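# Observations on the model geometry
Okay, here's what each chain looks like letter by letter:
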Amino acid sequence: MGRREAKLDTENKRLRAELQALQKTYQKILREKESALEAKYQAMERAATFEQDRDKVKRQFKIFRETKENEIQDLLRAKRELEAKLQRLQAQGIQVFDPEESDSDDNCTDVTATGTQCDYWRGGALGREPSIGSMMQLQQSHRGPEFAHSSIDVEGPFANVNRDDWDAAVASLLQVTPLFSHSLWSNTVRCYLINTDETQPEMDIFLRDYSPKLQRMCETIGYFFHAIYFPIDNGNHYFNVRKWEIEKSSLVILFIHLTLPSCLLEDCEEAFLKNSEGKPRLIYHRLEDGQVSSDSVQRLIEQVSYLNKANKAKIIDHQGEPAEGVYKTYNYVEKIIKQDILGFENTEQEMKDLDNEEDSTIPEEEDYGDVLWDIHDEQEQMEAFQQASNSAYDLGFEKYYQRLNDLVAAAAPIPPLLVSGGPGSGKSLLLSKWIQLQQKHSPNTLILYHFVGRPMSTSSESASIIKRLTLKLMQHSWSVSGLTLDPGKLLEEFPRWLEKLSARHQGSIIIIIDSIDQVQQVEKHMKWLIDPLPVNVRVIVSVNVETCPPAWRLWPTLHLDPLNSKDAKALITAECSCVNIKLTKDQEKKLERHCRSATTCNALYVTLLCKMITQAGKAGSIDEILQQCFQCQDTVSLYRLVLRSIQESMENDKERDLMKEILCLVTVSHNGVSESELMELYPDLSWPVLTSLIHSLHKMCLLTYGCGLLKFQHLQAWETVRLEYMEESQDISTYREKLIEYFTSQLSKARVTWRCADELPWLFQQQGNRQKLHECLLNLFVSQNLYKRGHFAELLSYWQLVGRDKGSMAAEYFDSLKQYEKNCEGEESMMSLANLYETLGRFLKDLGLLSQAIVPLQRSLEIRETALDPDHPRVAQSLHQLASVYVQWKKFGNAEQLYKQALEILENAYGSEHPLIARELDALATLYQKQNKYEQAEHLRKKSFKIRQKVARRKGNLYGFALLRRRALQLEELTLSKDTPDNARTLNELGVLYYLQNNLEAADLFLKRSLDMRERVLGPDHPDCAQSLNNLAALYNEKQQYAEAEELYERALDIRRRALAPDHPSLAYTGKHLAILYKKLGKLDKAVPLYELAVEIRQKSFGPKHPSVATALVNLAVLYSQMKKPIEALPLYERALKIYEDSLGRMHPRVGETLKNLAVLSYEGGDFEKAAELYKRAMDIKEAETSLVGGNALSRHSSSGDTFSLKTLSPNVFLLHGQRMRREEKNLKYITEQNKSQKEAQKNSVVLKICS
């Protein structure tokens, strides 16, 4: 009986456990159901909103269509009158150019006076580009239709150059960019000083008299300046720190006299003899009559002199007073900073202009039209990407790369991809590594990325993110249109900008936002992610699992799994072996047992564990550290152990307190703290102590540099410091007050830098001190600094916090300006006052207070006309800003007069080809377009576009051809040694760089040298030889030496076929260029297998249903058609048509082009009925695409026919479109008549047969 009861009891427990499990499952399903219902209701609300918007658009569309139809009728009437006039002139024997006699409609040229051709700018800033394949024409007087050229023939500006070879050269160029202008990336000019006891007087004079001057100069341009020095140390103290500082430094200065102590020899060798990056170096050598320098000094100077050209070292020999020698050194240092480090070519003029500016970001306004942008935000993003991708660990990411590649290749429409994982799981590392791979293998893909920092930082502001992405799109699309600064409108308009600008990009666009869940109010401000994206746009966002918004969990997700214990152990073992530390078997087993949970297999946790073990290995205490680490079960607890271990390594309590202070200040700051600010906050602090501390914190993954500021490397490090040192809110408030006191003192010294403007209002906001925040905002220079750097949304949020509306805000600014004006004396202060009035006017214009904006802008104009010359360029700037308000106010007559006046002043001051002239021309063109004066607008746009093209050619890419020349010189110096594969690669890069400078003879020389060296060192069948052969062939093709090019391409293709995989991209590119050459030479039979190879490779790379495969099929079909092989061409066209329809939609232009080609094929085959049907479909697509020619035409990148995008075109485009459409109508009419004739002939034949 007891046994039975026990059995029943066991069964009862089992059933209860199952019941509890079922209840939990039920609750989970219930929650999921509620979430699904909520998502459904949200979707229904969005659908209702969308329906309302669509109805509104339809109504606007109808009105717009009717308007444009009337305009087209007017244009047609005008054309008929012109044709009648033309006939009368021809009857009189006068020859007149006829646009319809041109044999091409897709060359972007138009005719001006007397048949002169000029560049044609289509449809303003956001007009569409012509499609890749050229359209066919059916001409009644000829045998019938002609085939379109293969779209593969017209790719890129260097179509005959193998793309992966050029990508390698460009990547190499970008890798050396920081070496020439390091501070442009790190925002810091680091000057490392070395001196001896003999030159201590020179050192003291330089630090006392000239270092502050250099600091002010750099601050004026928006950079930090650090003069870092260590005491003369006879021991090995600070050795690693000194070496680290020399590596980071932008400039090293050595002050020597007769002797050089042995303790400084290693520093000098590191700085001057091992300067492989070619950073600027300077040696001040004081000489005296009758005294001879020591052997060590003479040897160093001889070695540096020998390497002088390559290593950019300057030696100053000085006899006389130390003060004179230091002044001479200062002049050289100033020149080096301006030219070599900051990259200013015309130093005197540029620096003079910059010295007159209150803010360093003013030059950026020229790049983005009237859009204000903070260059520090862009630098921060570049550094974040570099730091994320610098890790040597791939952590088994290969399995994730394929999933990301599948997203890019998938057919549209597709929602964003969610990359999820726990904190520190490696999401940033994965995305940055994948971005690098995409940039290398898919150069046509435009990748826009944004790495979000910690919460409440500038990088996490939604308006800033959206504005940056929009500006990057505009930059890549050569768009110069205005962009609103209103944060609400900016977020609302971004989807439309994305649609319009993506339509202009011939390739895919990938938008990547890392840690998007850290963005403030992310679901509210990132609604565009939920809406359908353009066909060629893909979006990837990364989130932490715990903080992912519920509505996003339905998106396709790539989850990063923790490392398994074996991988974690292998990673730690490999890291230890790099520093010659070998773990015992027992230690490895303990590590493997410990790294089994999700938190201890976290990528960041394992990285920290590596750092702790290697640090302990050098001290011989691995077992002790392992025991302590095993007690830490998550990343934050391990970080706390790291903090304690660094504290224990400090020499005294003073240094430990200093570490705590620095970490807490970085924690409570808005964007971080700079080293120079720390030196001013703690006057007793020395550079050796500070740099040693930062080195320890950087090495252990706590701090890093971002835009010249000390920041936390990871969000968990920030959380750790808060938990360890700032548990009470009083602690946070105390450290904030310390920063407030410091930045307030900077304001009192009239030292309003971008750091004051960034930190001080934000700190007052966090403290909740509205009165102090209000006073800070009324400091005109703080508000000006924020506004001119594009922090419009941030400035508005501060005013909203103090409870002011737009009107009262404007009134208070006016009162402050009037008060400031009373104390203004002298030209400099009056210029500052004019700048403040102009800033206020622009600010009010952006707020929509147009009538109030006129007054400060007019006052700014009056001051500049009085204080300067009425024809000064600054007066033109005031006129431009005043005109922009009148444009927005619809007072076009006033605006036109002001724009013309500004244009005249700028032309007199700068000539007719300055970027500011292009800006005024664009503004006038926009004004004329608003008044429907399309012809005048188009003429001005063409002039503006020409100027911008010339400026772009002068500037070149990134730092321009000046950088190319510097890099070429550096590479030439590196190739003077013996034959090696690296030197051969360098010679190949030189050939590429000289080609980019259009120096074909020099390019030929270096590419031949590269080929010869590679054949000697690697053998003639090595893939690197194929690269040199391909580049040489491209060069000969450019020089029209086709026979030599053909031979070299064939050799390169043969090597790559034997050495590379059958679907390798390099093989495809070489085959493509050889096929183009064969077509050019009329060797069509030889081109066929190469086009077939392109189809095969694209199928393997993208899958059989990708649009790229369809393009390759069309190219092959066109080739067969040109060879009079319609049977082989027909199935290729049909397959391509099916792919285009499935992937791009039935109304896409590519579908229309393919239908035309099929119509041509049917026409030549005698099937006129089918030809007419296909051609009619193609015509329908063409009419749907541009039926309004400037109205809401179907987007080229829309996946369905329901998406509309605004395309504004000019009357010239109307005429061109009309000409094309009339030719298309003639073609269709011609085919239809042929079809009727054929049917009539068949009918007559049948009648004759019946009669007989």
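Residues numbered from 1 in each chain as written. Predicted model: local features only at pLDDT ≥ 70, side-chain atom pairs only at ≥ 80, totals over all residues. Heavy atoms only, no water.

An unreviewed UniProt entry lists the protein under the name Nephrocystin-3, with Sarcophilus harrisii given as the organism. Heading Subcellular location (unreviewed entry) of the UniProt record for the protein holds this comment: "Cell projection, Cilium". (UniProt positions renumbered as here; feature names shortened; annotations may be inferred.)

A few words now on the pairing of strand 8 (residues 417-421). Taken across its five residues, strand 8 has five buried, putting it largely inside the fold. Burial along strand 8 is two-sided: Leu417, Val419 and Gly421 facing one way and Leu418 and Ser420 facing the other are all buried. Bridge analysis of strand 8 against strand 11 (residues 537-544) gives five bridges, and the strand direction is parallel. The residue bridging Leu417 from the neighbouring strand is Ile540, located in strand 11. (Buried < 20%, exposed > 50% of the residue type's maximum accessible area, 1.4 Å probe, protein only. Helix = DSSP H or I, 4+ residues; strand = E, 2+ residues; numbered from the N terminus. Pairing = 2+ DSSP bridges.)

A few words on unusual backbone geometry. We note that Cys707 has phi near 60 degrees; this positive angle belongs to a residue other than glycine. Relative to the helices and strands, Cys707 resides in the loop between strand 13 (703-706) and strand 14 (709-712). In this structure, Lys1124 is a non-glycine residue whose phi angle is positive, near 60 degrees. Note on placement: Lys1124 falls in the loop between helix 46 (1107-1122) and helix 47 (1126-1144). Residue Lys1124 is classed as exposed on the basis of its relative accessible area of 61%.

What follows concerns helix 6 (residues 262-273). Each turn of an α-helix holds 3.6 residues, which means side chains three or four residues apart point in the same direction. The end-to-end C-alpha distance of helix 6, which contains twelve residues, comes to 16 Å, matching closely the 16 Å that a straight helix rising 1.5 Å per residue would cover. Within the span of helix 6, buried status applies to Cys263, Leu264, Asp267, Cys268, Glu270, Ala271 and Phe272. (Expected span 1.5 Å × (residues − 1).)

Turning our attention to the nonpolar core. With 164 residues, the main nonpolar core has Ile572, Ile613, Met659, Leu663, Leu678 and Phe843 as its most contacted residues. Of the domains in this structure, domain 2 (188-341) and domain 4 (564-633) are the two that each give at least three residues to this core. Within the second largest apolar cluster, 70 residues are counted, among which are Leu1000, Leu1035, Val1109 and Leu1161. (Core = buried A, V, L, I, M, F, W, Y, C linked by side-chain atoms within 4.5 Å. Domains from an automatic or database assignment.)

This part is about the pattern of salt bridges. Where charged atoms from two side chains of opposite charge approach closely, those side chains can pair. Applying the stated rule across the entire model yields 38 salt bridges. Between Lys338 and Glu334 there is a salt bridge whose closest N-O contact spans 3.2 Å. Of this pair, Lys338 and Glu334 both sit in helix 9 (residues 322-341), four residues apart, which is roughly one turn of the helix. Its relative accessible area of 13% is what places Lys338 among the buried residues. Glu896 is the salt-bridge partner of Lys900, the closest N and O atoms lying 3.0 Å from each other. One end of the pair is Lys900 and the other is Glu896, both in helix 36 (residues 892-910) and four residues apart, which spans about a single turn. Using a relative accessible area of 42% as the deciding quantity, one classes Lys900 as partly exposed. (Salt bridge = Lys/Arg side-chain N within 4 Å of Asp/Glu carboxyl O.)

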